[in-house]
Amino acid sequence: MHFNAYGGNAALLAAALANLDDSCDARTVEILLAEHRVARAALTEAQLEELRAWCLPLWEAFAAPTTREQVIAVNRLLADAAAGPYVSTHDGQAPHLHYADEDADVVTRVRAATAAGLALVLTETDPCRLGRCGAPGCRIVFVDVSRNGRRAYCSRQCATRVHVSAHRDRKRQR
Ligand SMILES: [Zn+2]
Ligand SMILES: [Zn+2]
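Residues numbered from 1 in each chain as written. Chains lettered and ligands numbered in written order. Predicted model: local features only at pLDDT ≥ 70, side-chain atom pairs only at ≥ 80, totals over all residues.

Got a sec to walk through the overall build of the protein chain? Specific residues and values, please.
Regarding its fold elements, the protein chain presents six helices and four strands. In sequence order, the secondary structure elements of the protein chain are arranged as α-α-α-α-β-β-α-β-β-α. Dimensions of the protein chain, computed from C-alpha atoms along their principal axes, come out at roughly 70 × 35 × 25 Å. Burial analysis of the protein chain (174 residues in total) assigns 30% to the buried set. In the protein chain, once contacts between residues fewer than 6 apart in sequence are set aside, the share between residues at least 24 apart is 56%. (Helix = DSSP H or I, 4+ residues; strand = E, 2+ residues; numbered from the N terminus. Buried ≥ 20, exposed ≤ 12 C-beta atoms within 10 Å, placed from the backbone. Contact = placed C-beta atoms within 7 Å.)

Given below as structure tokens:
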């Protein structure tokens, strides 16, 4: 699947944030932001709290069971991000979309980029590209970048676990 570099990267960042656990420290989140090309990613304690609070609504957008509910969840993210996207031509570049002011604080930029990234996946690719692992008890969410868009599990381990237990059930039934 082809992803717009900016939107696709922002959607992957949204998944990575949604999968963080509540006890993650500032350093962990800073590294994750830098890996997803977020500039000036240093976090104060207050900003860490703000980003942690953003992780749950992100997760809900991936995990929403129907397209309708995904749309509602993503629209809520866009409204809460309230960042004022604009077209920029800085440094002689062709007009392109910025989701938030480049000089805005890191929380504002991350909220804006992740909300827009999920909106782009919903509108430009396919709602089923935002997914949650189908293994019982696993809460991990993902952007499905597979060619056929039918990824069901977060990892090989979860897929194996489900297949092994289905195999056991069939054996028991015989
Ligand atoms: Zn730019
Ligand atoms: Zn899983």
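Explain the packing of helix α3 (residues 45-63) against helix α4 (residues 67-81) residue by residue, including any values.
Two elements in contact, α3 and α4, have axes whose closest approach is 8 Å; the angle formed by their N-to-C orientations is 155 degrees. Regarding the angle of α3 to α4, the classification is roughly antiparallel. Handedness of the crossing formed by α3 with α4: left-handed. Contacts between α3 and α4 pair P57, E60 and A61 from the former with Q70, A73, V74, R76 and L77 from the latter. Partitioning the contact of α3 with α4 into residue classes produces five nonpolar, one polar and two charged. (Axes fitted to C-alpha atoms, helices over the stretch in contact; angles between N-to-C directions. Parallel < 35°, antiparallel > 145°, perpendicular 65-115°, else oblique. Left-handed = near helix turned anticlockwise from the far one by under 90°. Nonpolar A, V, L, I, M, F, W, Y, C, P; charged D, E, K, R; others polar.)

Explain the nonpolar core to me, using residue names and the numbers behind them.
Residues A14, A15, L17, A18 and L118 are the most contacted members of the largest nonpolar core, which totals 42 residues. Within the residue set of this core, elements represented by two or more residues are α1 (5-18), α2 (26-35), α3, α4, α5 (106-125) and β4 (141-143). Top contributing element to this core by residue count: α5, with 11 residues. (Core = buried A, V, L, I, M, F, W, Y, C linked by C-beta atoms within 7 Å.)

Pulling in residues and values, what's your account of the packing of α4 against α5?
Viewed as axis vectors pointing N to C, α4 and α5 meet at an angle of 150 degrees, and their least axial separation amounts to 9 Å. Judged by the angle between their axes, α4 and α5 are roughly antiparallel. Every pair of crossing elements has a handedness; the one defined by α4 and α5 is left-handed. On α5, the residues that touch Q70, V71, V74, L77, L78 and A81 of α4 are R111, A112, A115, L118, A119 and L122. Broken down by class, the residue content of the contact of α4 with α5 amounts to 10 nonpolar, one polar and one charged.

Summarise α3; cite the residues concerned and give the values.
Think of an α-helix as turning once every 3.6 residues; residues three or four places apart then point the same way. An ideal rise of 1.5 Å per residue puts 27 Å on 19 residues; α3 measures up with 28 Å between its terminal C-alpha atoms. Among all positions of α3, only L51, W54, C55, L58, W59, A61 and F62 are buried. (Expected span 1.5 Å × (residues − 1).)

Can you tell me about unusual backbone geometry, naming the residues and giving the values?
Residues other than glycine seldom take positive phi values, yet A82 does so here, at roughly 35 degrees. The backbone of D91 sits at a positive phi, close to 55 degrees, despite the residue not being glycine. The residue D91 is located in the loop between β1 (86-88) and β2 (96-98) in this model.

Outline the environment of A39, listing residues and values.
By the element assignment, A39 lies in the loop between α2 and α3. Between the C-alpha atom of A39 and that of G137, which follows or precedes it by 98 residues, the distance is 35 Å.

Give a detailed account of helix α6 (residues 156-173), specifying residues and quantitative values.
An ideal rise of 1.5 Å per residue puts 26 Å on 18 residues; α6 measures up with 26 Å between its terminal C-alpha atoms. Sparse coverage of α6 is indicated by the burial of zero of its 18 residues.

Tell me about the environment of V110, and name the residues and values.
Mapping V110 onto the fold places it in helix α5. Measuring from C-alpha to C-alpha, the distance between V110 and V71 comes to 20 Å, with 39 residues separating the pair along the chain. Discounting residues that sit within four places of it in the chain, V110 has contacts with L33, V38 and L51.

Treat this as a map of the structure, not an account of what it does.
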